[in-house]
Amino acid sequence: MTTTTTGAEVELAIGGMTCASCAARIEKKLNRMDGVTATVNYATEKAKVAYDGDVSVQDLIATVEKTGYTAHEPAPVHDESEGDDATAGADDQLRPLRERLVTAVVLAVPVVAMAMIPALQFEYWQWLSLTLAAPVVTYAAWPFHKAAFTNARHGAATMDTLISVGTSAAFLWSLWALFLGTAGTPGMTHPFELTIARGDGAGNIYLEAAAGVTAFILAGRYFEARSKRKAGAALKALLELGAKDVTVLSPDGREQTVPTAELKVGDRFLVRPGEKIATDGTVVEGSSAVDASMLTGESVPVEVSTGDPVTGATINAGGRLVVEATRVGADTQLARMARLVEDAQNGKAAAQRLADRISAVFVPVVIALALGTLGFWLGNGSGLTAAFTAAVAVLIIACPCALGLATPTALMVGTGRGAQLGILIKGPEVLESTRKVDTIVLDKTGTVTTGRMTLLAVHTADTTDEAEVLCLAGALEHSSEHPIARAVADGALEKLGSLPIPEDFANVPGLGVQGIVDGHAVLVGRERLLAEWAMELPEELTRAKAEAEAAGRTAIAVAWDGEARAVLEIADAVKETSAEAITRLRALGLTPILLTGDNRAVAESVAREVGIAPEDVIAEVLPQDKVDVVKRLQAEGRSVAMVGDGVNDAAALAQADLGLAMGTGTDAAIEAGDLTLVRGDLRAAADAIRLARRTLGTIRSNLFWAFAYNVAALPLAAAGLLNPMIAGAAMAFSSVFVVGNSLRLRSFRAAN
């Protein structure tokens, strides 16, 4: 990387971020540098930085490190093995968090049990509690203390600050009470006394609060980290779509199988029927139909022959091809699409965690109240012990026990219920987006439609029987590998149950097929194929063909024994549930927009069938332009959801405010989306948005009540009237309320 190049761009891997406000702080510091424009994404843990002038990459890294975080240039993923190494690295980063969580849970459970169940309070129980709680508050809670220190250095307060201050106050006060107060006396108990009375606090310990809060919040962080780790998986899924090996032809015609990464521009390689095309190139020998739907969204296979361009990762559905490589490695269309996905992920603003936003105000208020309480009681001459008791009680009651449960429990129940309904929600950031979306962009192929060619109609001449057409045409097409031929054969088999075997079969490249079936000389294909045999379509079939093509469908002719007998309509069929799904999405306040790479006639035909207005159809869009469509809608002030299933949708799914991937689609699309609809039924999109909005509402109400209980008890703590039982009861009741409120999500039902 040249460090002084004007207009350079670099991507940095950022370490040490614990919440979205960390990302915002790093972004602010970088953007203050002259000639620097930076975007920091908490989800992907990356900073995309454009810089010019005398700024170097080392200057950028130094700025991030001064802010209290780490930064380095990530190694590029060139092949599958390096992608696996990256995954292993992510697992290594999760391991310390998992170890801290296990430690906290194993040790905190007995501490909480002893504090809450008087029958377990044997003679020296408080010292066992200290022994178990100490590793939880020091080792397990270390990430919170470290983040709180970093925040304090920069004059900021987040959820980490609240957790660190609260657990530290509870633990340090317990140490004082045990060693210098009366709490260490053998036989000390926490009695069930729900009375409001002033005390000196010397006999009170709060170890269960410190250990329990740490365990609860570590659990939430661990599951969030697991979800966040998947943010880069869309790129790996895209890179894995390409062919791993390729058969290269040497100048003397010998075949040699080599890894695709070794291909060079100008190399000629062989693509057999059913194989993936290894890289972008030009056909130099052979002709075939290429299924490019995964990359382009076009449902109709593309006919290619000598001189035509082909794209890497598309599938050769027909004959043998020899292709000359024109682009390899990072220059291919697949690699460019991977960069589009990454750019879209980096550009997506990370949702600010609601708990952090509240904490930014709540923490300074609590600390100020604790200091004010200390000063007030000292000024009143109540003595140092009573003053410190009241001040520390303020910090302890502010410790967010229920707050630690508020988001994880609602997410756990909401995502669990979603999984039962075939809806997978990736993480808490997703939920914020569902509340705001007002426009939903629907990819056509595989989302609104089935994504496969289907025989929709048979038009016959006056004297011809439909069953005979299907029998003869289906038998001949059954011998072909072409996707349109498979649609005819499958349609015929569905109607008739069985088909005869052709006595003779020949593929006519680019035109259709011909052969002998049950003694009849049969032709199936383009009208031009019939013309070569001096046959013309009668008027009624010509009219049917024109109407089919006007509706965006593929029309093929069938003839036998010297006479044109029928026209078959083939198209990507609309899913039976799509029209109902559009109605449900409108009911949620969303404007549906149909987006496709297909031609406008096809798109408008599908739109009419499902109830989308012609002005809300965007057709003939190249894969890389789908991102631009989403950006344009966002620039108009809309909050955009996107539903798609193909590789060509991955970048747009990542760019959208909310990405919904069909579970029947490609891994790249699923990984790039925020929500996955397992069933592939568009109605699930409406259910997913309803469930996500309900889950977000539950989290918000949980957070409100979690803080409300703390705030209501703060005056009692400041007045020095809070004994351990009331503190414990308040925390337990608020936690029970939060869990109960979250469990209400189990009653969510999909719309009938």
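What counts and what doesn't
- Residues numbered from 1 in each chain as written.
- Predicted model: local features only at pLDDT ≥ 70, side-chain atom pairs only at ≥ 80, totals over all residues.
- Heavy atoms only, no water.
- UniProt positions renumbered as here; feature names shortened; annotations may be inferred.
- Helix = DSSP H or I, 4+ residues; strand = E, 2+ residues; numbered from the N terminus.
- Buried < 20%, exposed > 50% of the residue type's maximum accessible area, 1.4 Å probe, protein only.
- Contact = heavy atoms within 4.5 Å.
- Areas by Shrake-Rupley, 256 points an atom, 1.4 Å probe, with all protein chains shown as cover.
- Salt bridge = Lys/Arg side-chain N within 4 Å of Asp/Glu carboxyl O.
- Polar contact = N/O pair within 3.5 Å; in protein donor to acceptor, adjacent residues only side chain to side chain.
- Pairing = 2+ DSSP bridges.
- Axes fitted to C-alpha atoms, helices over the stretch in contact; angles between N-to-C directions.
- Arc of directions from axis to C-beta.
- Core = buried A, V, L, I, M, F, W, Y, C linked by side-chain atoms within 4.5 Å.
- Parallel < 35°, antiparallel > 145°, perpendicular 65-115°, else oblique.
- Left-handed = near helix turned anticlockwise from the far one by under 90°.
- Lys, Arg positive; Asp, Glu negative; His and termini not counted.

- The protein chain is annotated in an unreviewed UniProt entry as Cation-transporting P-type ATPase B of Streptomyces liliifuscus.
- Per its UniProt entry, the protein chain bears the Sequence similarities (unreviewed entry) comment "Belongs to the cation transport ATPase (P-type) (TC 3.A.3) family. Type IB subfamily."
- Check the Catalytic activity (unreviewed entry) section of the UniProt entry for the protein chain; it says "ATP + H2O = ADP + phosphate + H(+)".

1. A closer look at the overall build of the protein chain
- Across its full length, the protein chain holds 26 helices and 26 strands.
- The buried share of the protein chain, taken over its 752 residues, is 53%.
- Of the contacts formed within the protein chain by residues at least 6 apart in sequence, a portion of 71% connects residues at least 24 apart.
- Summed over all atoms, the accessible surface of the protein chain reaches about 31700 Å², with 56% contributed by carbon and sulfur.

2. Looking at the pattern of salt bridges
- Using the criterion set out here, one finds 23 salt bridges in the structure.
- The partner of glutamate 324 in a salt bridge is arginine 268, and the shortest N-O contact between them spans 3.3 Å. In this pair, glutamate 324 sits in strand β13 (residues 321-327) while arginine 268 sits in strand β7 (residues 268-271), placing the two residues 56 residues apart along the sequence.
- For glutamate 324, a relative accessible area of 26% gives the class partly exposed.
- Overall, the relative accessible area of 40% leaves arginine 268 in the partly exposed class.
- Here arginine 683 ties to glutamate 580 by a salt bridge, and the two come within 3.3 Å at their closest N and O atoms.

3. Some words on the side chain of threonine 214
- Within the secondary structure, threonine 214 is located in helix α7 (residues 207-229).
- What makes threonine 214 buried here is its relative accessible area of 0%.
- A polar contact is formed between the side chain of threonine 214 and the backbone oxygen of alanine 210, at a distance of 2.8 Å.
- With near-sequence residues (within four places) excluded, threonine 214 lies in contact with Val136, Ala140, Ala141, Phe144 and Thr167.

4. As for the sheet that holds strand β20 (residues 554-560)
- Spatial ordering of the open sheet is given by β16-β21-β20-β19-β18-β17, a layout of six strands whose pairing is antiparallel. Of all the strands in the sheet, the pair left with one neighbour each is β16 (449-460) and β17 (504-508). Across the sheet, the mean angle from the axis of one strand to that of its neighbour is 20°, orientation sign disregarded.
- Bridge count for β17 against strand β18 (residues 512-517) is five bridges, and the pairing is antiparallel. Looking at β18, one finds that asparagine 507 is bridged to valine 513.
- Here helix α19 (residues 539-550) sits on the sheet and contacts β16, β20 and β21 (563-574); the angle it forms with β21, its principal contact strand, is near 15°.

5. Examining helix α22 (residues 623-635)
- Of the positions making up α22, those classed as buried are Pro623, Lys626, Val627, Val629, Val630, Leu633 and Gln634. The buried residues of α22 occupy an angular sector of 155° when projected down its axis, which confines them to one face.
- Within two residues after α22, glycine 637 carries a phi angle of roughly 95°, on the positive side.

6. Here we look at the UniProt feature "transmembrane region" (unreviewed entry) in the protein chain
- Residues annotated in UniProt with the feature "transmembrane region" (unreviewed entry) correspond here to residues 101-118, 124-142, 162-185, 205-223, 358-378, 384-407, 703-719 and 725-743.
- Between the end C-alpha atoms of residues 162-185 there is a gap of 31 Å, over a span that is 75% helix and 0% strand.
- Across residues 703-719, helical content stands at 94% and strand content at 0%; the span's end C-alpha atoms are separated by 25 Å.

7. Notes on the nonpolar core
- Ranked by size, the top nonpolar core spans 53 residues in total, and within it Ile205, Leu207, Leu218 and Val394 carry the most contacts.
- Counting residues per element, the ones that place at least two in this core are α3 (80-116), α4 (125-140), α6 (159-179), α7, α11 (354-379), α12 (384-397) and α25 (683-718).
- Counting residues in each nonpolar core, the second largest holds 47 residues, with Ala406, Ile582, Leu660 and Val738 among its members.

8. Considerations on the sheet that holds strand β23 (residues 617-618)
- With mixed pairing, seven strands are arranged side by side in an open sheet as β14-β26-β25-β24-β15-β22-β23. Looking at the sheet topology across the chains shown, the edges are occupied by β14 (423-425) and β23.
- Across four bridges, strand β24 (residues 640-644) lies against strand β25 (residues 658-662) in parallel orientation. For glycine 644, the partnering residue across the bridge sits in β25 and is alanine 661.
- The strands touched by α22 are β15 (439-443), β22 (591-595), β23 and β24; relative to β24, the strand with the most contacts, the crossing angle is about 155°.

9. Observations concerning unusual backbone geometry
- Phi angles above zero are rare outside glycine, and aspartate 518 is one such case at about 50°.
- Among the structural elements, aspartate 518 can be located in the loop between β18 and β19 (520-525).
- Phi at alanine 534 is positive, roughly 60°, even though this residue is not glycine.
- Tracing the backbone shows alanine 534 in the loop between α18 (527-532) and α19.

10. Some points on the packing of helix α16 (residues 466-477) against helix α17 (residues 483-496)
- Interhelical geometry of α16 versus α17 gives an angle of 135° and a closest axis separation of 8 Å. When the axes of α16 and α17 are compared, the pair comes out oblique. When you trace α16 past α17, the crossing you get is left-handed. Residue-level inspection shows Glu466, Ala467, Leu470, Cys471, Ala473, Gly474 and Glu477 of α16 in contact with α17, the latter providing Ala485, Val488, Ala489, Ala492, Lys495 and Leu496.

11. Regarding the side chain of glutamate 477
- By secondary structure assignment, the location of glutamate 477 is in helix α16.
- For the buried glutamate 477, no salt bridge is present, and the opposite-charge side chain at shortest range is arginine 486, 10 Å distant.
- For glutamate 477, the contacting residues outside a window of four places in its chain are Ala485, Val488, Ala489, Val513, Val524 and Ile556.

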